[in-house]
Amino acid sequence: MRYTIQQITTGEEEVILRYRERTPEVERICSFLQGKQQRLRGWKEQQLILFEPEEVLYIESVDGKTFAYTKQEVLQTEYTLNRLEQLLTGINFFRCSKSMIINIDHVERLKSLPSNRIEATMRGGERIMISRTYASDFRKILRGGDGNE
């Protein structure tokens with residue numbers, strides 16, 4: 001998606017969004033402009049915590065439970081991994097294995113491994129394996145594609 005940012009000295013501020021198709025990315029931008037930013041819900045020590053998706057380093061499903069990992073804490077969510085994948089489409093989240101979604105914005109380093117896998121080191125130091133099933137789509141995203149080409 002191409003965009004132009006322009007500072008003006010007079011006149012009214014305005015945002016114009018032109019699109020051919022209402023994609024998840026366009027939906028996310030519209031929600032942001034309308035003040036409907038999505039917050040996620042998670043539980044820690046029997047307390048409900050609302051958090052921004054951008055805070056999440058990665059999300060993992062273990063034994064039928066889904067956990068969101070931030071820099072500060074681990075929160076159990078009520079969402080399934082599939083539902084989170086739908087909710088987070090267009091916000092730089094990527095399904096990297098059958099049981100994990102990573103936030104691309106928090107990837108610090110990448111290392112190619114044998115068998116077409118990729119090791120991603122997150123800002124918190126965690127190492128996450130991008131399985132060979134998802135590695136080619138991840139490489140497309142890194143090259144500027146959408147991974148669905």
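What counts and what doesn't
Residues numbered from 1 in each chain as written. Predicted model: local features only at pLDDT ≥ 70, side-chain atom pairs only at ≥ 80, totals over all residues. Heavy atoms only, no water. Helix = DSSP H or I, 4+ residues; strand = E, 2+ residues; numbered from the N terminus. Contact = heavy atoms within 4.5 Å. Pairing = 2+ DSSP bridges. Axes fitted to C-alpha atoms, helices over the stretch in contact; angles between N-to-C directions. Core = buried A, V, L, I, M, F, W, Y, C linked by side-chain atoms within 4.5 Å. Buried < 20%, exposed > 50% of the residue type's maximum accessible area, 1.4 Å probe, protein only. Salt bridge = Lys/Arg side-chain N within 4 Å of Asp/Glu carboxyl O. Phe/Tyr/Trp six-rings, centres within 6.5 Å; stacked < 30°, edge-to-face > 60°.

**Let's talk about the environment of Ile102**
Thinking step 1. Counting through the fold element by element, Ile102 comes out in strand 7 (residues 100-103).
Thinking step 2. Each C-alpha atom, one on Ile102 and one on Ser131, is 12 Å from the other, the two residues being 29 residues apart in sequence.
Thinking step 3. Excluding residues within four positions of it along the chain, Ile102 makes contact with Leu57, Tyr58, Asn92, Phe93, Phe94, Cys96, Val107, Met122, Ile128, Ile130 and Phe138.

**Quick word on the sheet that holds strand 3 (residues 56-62)**
Thinking step 1. Pairing is antiparallel in the open sheet, where 7 strands are placed in the order 2-1-5-4-3-7-6. With partners counted over all chains shown, the strands left at the sheet margins are strand 2 (47-51) and strand 6 (93-97), one partner each. Put simply, the sheet's adjacent strands are angled 35 degrees from each other on average, direction ignored.
Thinking step 2. Where strand 6 lies against strand 7, 4 bridges are found, and the strand directions are antiparallel. Across the sheet, the residue bridging to Phe93 is Asn103, located in strand 7.
Thinking step 3. Running at roughly 155 degrees to strand 6, helix 3 (residues 132-142) makes contact with strand 6 and strand 7 of the sheet.

**Observations concerning the nonpolar core**
Thinking step 1. Tyr58, Phe94, Cys96, Ile102, Ile128, Ile130 and Phe138 are the most contacted members of the largest nonpolar core, which has 17 residues in total.
Thinking step 2. Every element with two or more residues in this core is listed here: strand 3, strand 4 (65-70), strand 6, strand 7, strand 9 (117-122), strand 10 (127-130) and helix 3.
Thinking step 3. Ranked by residues supplied to this core, first place goes to strand 9 with 3 residues.
Thinking step 4. Judged by nonpolar contacts, the second largest core, of 14 residues, contains Leu40, Leu81, Ile91 and Ile101.

**Digging into the pattern of salt bridges**
Proximity of charged atoms lets side chains of opposite charge pair with each other.
Thinking step 1. With the rule as written, the count across this model stands at 5 salt bridges.
Thinking step 2. Arg41 is the partner of Glu78 in a salt bridge, and the nearest nitrogen-oxygen pair spans 2.3 Å. Taken as a pair, Glu78 in the loop between strand 5 (74-77) and helix 2 (81-87) and Arg41 in strand 1 (residues 40-44) lie far apart in primary sequence, 37 residues in all.
Thinking step 3. Take Arg41: its relative accessible area is 33%, and that puts it in the partly exposed class.
Thinking step 4. Arg109 is paired through a salt bridge with Glu108; the nearest N and O atoms lie 3.8 Å apart.
Thinking step 5. On the basis of relative accessible area, Glu108 is assigned to the partly exposed category, the value being 47%.

**Some thoughts on unusual backbone geometry**
Thinking step 1. Notably, Gln46 is not glycine yet its phi reads approximately 60 degrees, a positive angle.
Thinking step 2. Residue placement: Gln46 occurs in the loop between strand 1 and strand 2.
Thinking step 3. Judged by its relative accessible area of 77%, Gln46 is exposed.

**Comments concerning the packing of aromatic side chains**
Thinking step 1. In this structure the tally under the stated criterion is 2 aromatic pairs.
Thinking step 2. A ring pair is formed by Tyr58 and Tyr69, whose centres lie 4.4 Å apart and whose planes are at 15 degrees; its orientation type is stacked. In this pair, Tyr58 sits in strand 3 while Tyr69 sits in strand 4, placing the two residues 11 residues apart along the sequence.
Thinking step 3. Taking the relative accessible area as the measure of exposure, Tyr58 reaches 8% and is therefore buried.
Thinking step 4. Note on Phe94 and Phe138: the rings are 5.2 Å apart at their centroids and 50 degrees apart in plane angle, and the pair reads as tilted. In this pair, Phe94 sits in strand 6 while Phe138 sits in helix 3, placing the two residues 44 residues apart along the sequence. Here Phe94 matches Phe138 in class, with each residue buried.

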